[in-house]
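Structural overview
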Number of protein chains: 2
Amino acid sequence: MNDTPPSNEDGEARDDRRLDNRTLWEQVRDRIREDILSGELAPGTVLSEVSLARSLGVSRGPIREALGRLASEGLVTITPRRGAIVTELTRDEFIDAYQVREALETLAIRLAVPRLTEADLARLRELHEEMIEHARADRVNAFFAANAGFHELFVTASGNGKLGDMYRLLLDQTGRYLARSLALRGSLDKSIAEHSAILEAVEAGDAEGAAHLLADHIEVPRRVEEETGEHPAVTAPIKTTEGSDR
Amino acid sequence: MNDTPPSNEDGEARDDRRLDNRTLWEQVRDRIREDILSGELAPGTVLSEVSLARSLGVSRGPIREALGRLASEGLVTITPRRGAIVTELTRDEFIDAYQVREALETLAIRLAVPRLTEADLARLRELHEEMIEHARADRVNAFFAANAGFHELFVTASGNGKLGDMYRLLLDQTGRYLARSLALRGSLDKSIAEHSAILEAVEAGDAEGAAHLLADHIEVPRRVEEETGEHPAVTAPIKTTEGSDR
DNA sequence: TGACTGTCAGTTGTCAACAGTTAGCAATTA
DNA sequence: TAATTGCTAACTGTTGACAACTGACAGTCA
């Protein structure tokens, strides 16, 4: 955001030797964001400015600034004069976001395929193998981490910065609901089969084919929901115990 | 967003009879946004907190809050400890955003077609007629306004709130550069021909066909740029003299 | 002349205090 | 008892002041 368009102002990837020149509110924002993404702050948790200020040892100013930016990212919901809570995505909103995310991935793959290096392809195969192993061992979190890396590679390789910004925005919003993702996507095996087909098309340089393989599944979640009309049993996010999905 | 995802917190479309219950910083944000979108504040303009505070008659707090949110929307660029300026999109960034925007429109059309009412179709035909007339009279601004309405209808009718949020975000970022849009898209006539084909597919209920008609043109801008390698003569936004494009 | 250093004005970052609003509870009334 | 009214505590919104930082400029020295 500065933020949303996180390409501005952040300038991640700074020289290690540099001192921490970030402003207070930036550190606060990152701290709270981590806590939300890790599940430590569950959806619906009220974020009081004064208590946050006390616990982090700063005044309310930087807290307000941080909460505002996180609200812009969709991670917290602010109601004027009533405070902020960690955003709760309804099932419909989650599906909406998921749909948009997949549309962006489709674009990413189409743009990325002609630009992929040999190293990129090797990394994709590697991640795919990882996903297979983790699925076999039923390690859902690890599976999703590898899965995220798989998709992130296309987004990065697409060379489209805005696309990356939007994608990561939606990823942060949806990434917390692993259970929902799973329920929507079907089994891990099904996901792997899809990735196999995609990887095949990518290796053949068939950008359109790869894109269609993804795009064809965009309507699936909504169709599933309309047919079942049921909400998944698990609506709370699964706490990730290992590295972030990003 | 609370904003980014502008679906939260804003609650636009409030009852007319209600008093203005919005907070100060929200009013400031909207005011500055209007000035940016209208071209009154040109890209690159420095936005000093103190001078803004003086001219709007409030303290620096609400100004900071507003600038932060606008930064999240991508309309202003904040550099820590150095201040804020109206975001300048480079040609590449503009093309990136344009590409993403078209991808979102593609999704929107695919989702919207099966949900369109007879009234929606009538409105689409109406807008299409308007575009033809305005193009004939060389009224570029009016053309773009009708064009925006045409696309907005699909986005709204898609029923996907997140899609709308992301779309409008990108629209605000790119909408200021009418000259660039024109240079990228080709003549108005070409655009009308595209819309005719799309409208035809939509009326036939052919969602995939309509979506492909849009999607096929996604790579065009980048190809054009790579071939010419030239930057358009006009990089500054054209000041719109009539209603906003939204 | 050229590079370096110290100073300075202007700016943003942070803080603490005040004012206004909200939600909830207790007291009152029918 | 149920509904309404009036209070209260806690919170957010806004303000003004202070501290810290930045970039530019003038002065100094080789």
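Attention in this report is confined to the structure presented alongside it.

Criteria and thresholds
Along each chain, the written sequence defines residue order, and numbers are assigned to residues from 1. All chains are assigned letters beginning with A, and all ligands numbers beginning with 1, in the order in which they are written. With pLDDT at 70 or above as the cut-off, local features in this predicted model cover only qualifying residues; side-chain atom pairs require 80 or more to be listed or tallied, and sums for whole chains, interfaces and linings still use all residues. Side-chain metrics in this entry use all non-hydrogen atoms of the structure; hydrogen atoms and water are not considered. Only strands that DSSP links by at least two bridges are regarded as paired with each other. Only runs of H or I of at least four residues qualify as helices and only runs of E of at least two qualify as strands under DSSP, and these elements are numbered from the N terminus. Contact between two residues is taken to exist if any of their heavy atoms lie within 4.5 Å; hydrogens are not considered. Only the stretch in contact is used when fitting a helix axis, every axis being a line fitted to C-alpha atoms; angles between N-to-C directions are given from 0 to 180 degrees. Residues are labelled near a given molecule or strand when at least one of their non-hydrogen atoms is within 4 Å of it. Polar contact criterion, stated in full: a pair of N or O atoms within 3.5 Å, where within protein one must be able to donate a hydrogen and the other to accept it, and residues adjacent in sequence count only if both atoms are side-chain atoms. Only Asp, Glu, Lys and Arg are considered charged, only Ala, Val, Leu, Ile, Met, Phe, Trp, Tyr, Cys and Pro nonpolar, and every remaining residue, Gly among them, polar. Residues grouped as a nonpolar core are buried Ala, Val, Leu, Ile, Met, Phe, Trp, Tyr and Cys residues, joined through side-chain atoms within 4.5 Å. Under the scheme applied here, a residue whose accessible area is under 20% of the maximum for its type counts as buried, over 50% as exposed, and between as partly exposed, the area being computed with a 1.4 Å probe on protein chains only. Fitting of the copies onto one another was done by least squares over C-alpha atoms, counting residues only where both copies have pLDDT of at least 70. What gets called buried area is simply the loss in accessible area from a 1.4 Å probe that two parts show on being joined, summed for both. The salt bridge definition used is simple: a Lys or Arg side-chain nitrogen within 4 Å of an Asp or Glu carboxyl oxygen. Classification of ring pairs rests on two measures: the distance between centres of Phe, Tyr or Trp rings, Trp counted by its six-membered ring, which must be within 6.5 Å, and the angle between planes, read as stacked under 30 degrees, edge-to-face over 60 and tilted in between. Convention used here: angles under 35 degrees read as roughly parallel, angles over 145 as roughly antiparallel, angles from 65 to 115 as roughly perpendicular, and any remaining angle as oblique. Throughout, a crossing is termed right-handed when the near helix is turned clockwise from the far one, and left-handed when it is turned anticlockwise from it by less than a right angle.

What about the sheet that holds strand β1 (residues 46-47) of chain B?
Paired through backbone hydrogen bonds, the strands of a sheet run either parallel or antiparallel to each other. Residues and elements named next belong to chain B. Strands sit in the order β1-β3-β2 across an open sheet of 3 strands; the sheet is antiparallel. Each having just a single partner strand, β1 and β2 (76-79) make up the two edges of the open sheet. Bridge count for β2 against strand β3 (residues 83-86) is 4 bridges, and the pairing is antiparallel. Considered in β3, the bridge of isoleucine 78 is made with alanine 84. Along the sheet face, helix α3 (residues 60-73) touches β1, β2 and β3 and points at about 115° away from the line of β2.

Some words on the protein's contact with DNA strand C
Neighbouring DNA strand C are 19 residues; Leu24, Ser59 and Arg82 of chain A together with Arg60 and Arg64 of chain B lie closest to it. Among atoms of DNA strand C positioned within 4 Å of the protein, sugar and phosphate together represent 73%. The side chain of serine 59 of chain A places a nitrogen or oxygen atom 2.7 Å from a phosphate oxygen of DNA strand C. Measuring from a base nitrogen of DNA strand C, one finds a side-chain N or O atom of arginine 60 of chain B at 2.9 Å. Broken down by secondary-structure element, the contributors of at least two residues to the surface near DNA strand C are α1 (24-37) and α3 (60-73) of chain A together with α2 (49-56) and α3 of chain B. The residue makeup of the surface near DNA strand C, split by class, is 7 nonpolar, 5 polar and 7 charged.

Overview of the protein's contact with DNA strand D
What surrounds DNA strand D is a group of 20 residues, the closest being Arg60 and Arg64 of chain A together with Leu24, Ser59 and Arg82 of chain B. Here DNA strand D approaches the protein such that, of its atoms within 4 Å, sugar and phosphate make up 71%. Backbone polar atom of glutamate 49 of chain A to a phosphate oxygen of DNA strand D: 3.3 Å apart, as the coordinates give it. Contact distances for DNA strand D include 2.9 Å between a base nitrogen and a side-chain N or O atom of arginine 60 of chain A. Among the elements that line the surface near DNA strand D, the one with the most residues is α3 of chain B, at 3 residues. Residue composition of the surface near DNA strand D, grouped by class: 7 nonpolar, 6 polar and 7 charged.

Considerations on the nonpolar core
Judged by nonpolar contacts, the single largest core of 82 residues is most densely connected at Leu124, Phe154 and Val202 of chain A together with Leu124, Phe154 and Val202 of chain B. Dropping the residues within four chain positions of it, phenylalanine 154 of chain A is found in contact with Ala108, Ile109, Ala112, Leu116, Leu124 and Val202 of chain A.

Digging into helix α8 (residues 178-185) of chain B
In terms of burial, α8 of chain B is a largely internal element, 6 of the 8 residues being buried. The set of residues buried in α8 of chain B consists of Leu178, Ala179, Arg180, Ser181, Leu184 and Arg185 of chain B.

Some words on unusual backbone geometry
All names here are of chain A. Positive phi outside glycine occurs at aspartate 138, with the angle close to 60°. Along the chain, the position of aspartate 138 falls in the loop between α5 (118-136) and α6 (140-157). For aspartate 138, a relative accessible area of 60% corresponds to the exposed category.

A look at the relation of the copies chain A and chain B
Relative to chain B, chain A is turned by 180° and slid 0.0 Å along the rotation axis, the superposed coordinates differing by an RMSD of 0.0 Å. The symmetry that links the two subunits is that of a two-fold axis. For chain A, the smallest separation between a C-alpha atom and the rotation axis is recorded for serine 72 of chain A, amounting to 3.0 Å.

As for the interface of chain A and chain B
Each side of the interface is counted separately: chain A has 49 residues, and chain B has 48 residues. Between chain A and chain B, the buried area comes to about 3,600 Å², and carbon and sulfur atoms account for 56% of it. Interface area lost by chain A to chain B is led by Arg81, Lys162 and Met166 of chain A, which between them contribute 15%. Counting the contacts that link chain A with chain B gives 2 salt bridges.

A word on the packing of aromatic side chains
All names here are of chain A. A complete count under the given rule lists 8 aromatic pairs over all chains for this structure. Note on phenylalanine 94 and tyrosine 98: the rings are 5.8 Å apart at their centroids and 45° apart in plane angle, and the pair reads as tilted. Placement of the pair is phenylalanine 94 and tyrosine 98 together in helix α4 (residues 91-112), with a separation of 4 residues, close to one helical turn. The pair phenylalanine 94 / tyrosine 98 is uniform in exposure class, with both members buried. Through a chain of ring-to-ring contacts, the aromatic side chains of Phe94, Tyr98 and Tyr177 assemble into a single cluster.

Some details on the sheet that holds strand β3 (residues 83-86) of chain A
Read across the open sheet, the 3 strands follow the order β1-β3-β2 (chain A); overall the sheet is antiparallel. For this open sheet the edge positions go to β1 (46-47) and β2 (76-79) of chain A, each flanked by a neighbour on one side alone.

Things to note about the environment of arginine 110 of chain A
Along the polypeptide, arginine 110 of chain A turns up in helix α4. Of the polar contacts made by the side chain of arginine 110 of chain A, one reaches the side chain of glutamate 208 of chain A; its length is 3.0 Å.

Some points on the environment of leucine 153 of chain A
Residue and element names in this part refer to chain A. Position of leucine 153 among the secondary structure elements: in helix α6. Spatially, the C-alpha atom of leucine 153 lies 9.5 Å from that of leucine 116, the residues being 37 residues apart in sequence. Apart from the residues within four sequence positions on either side, leucine 153 is in contact with Leu116, Asp120, Arg123 and Leu124.

Focus on the packing of helix α7 (residues 161-174) of chain A against helix α7 (residues 161-174) of chain B
The relative placement of two packed helices is expressed as an angle between their axes plus a distance between the axes. For the pair α7 of chain A and α7 of chain B, interaxial distance at closest approach is 12 Å and the crossing angle is 150°. When the interaxial angle is binned, α7 of chain A and α7 of chain B end up roughly antiparallel. The two elements α7 of chain A and α7 of chain B cross, and the hand of that crossing is right-handed. Touching Lys162, Met166, Leu169, Leu170 and Gln173 of chain A of α7 of chain A are Lys162, Met166, Leu169, Leu170 and Gln173 of chain B, all from α7 of chain B. When grouped by side-chain class, the residues that make up the contact of α7 of chain A with α7 of chain B number 6 nonpolar, 2 polar and 2 charged.

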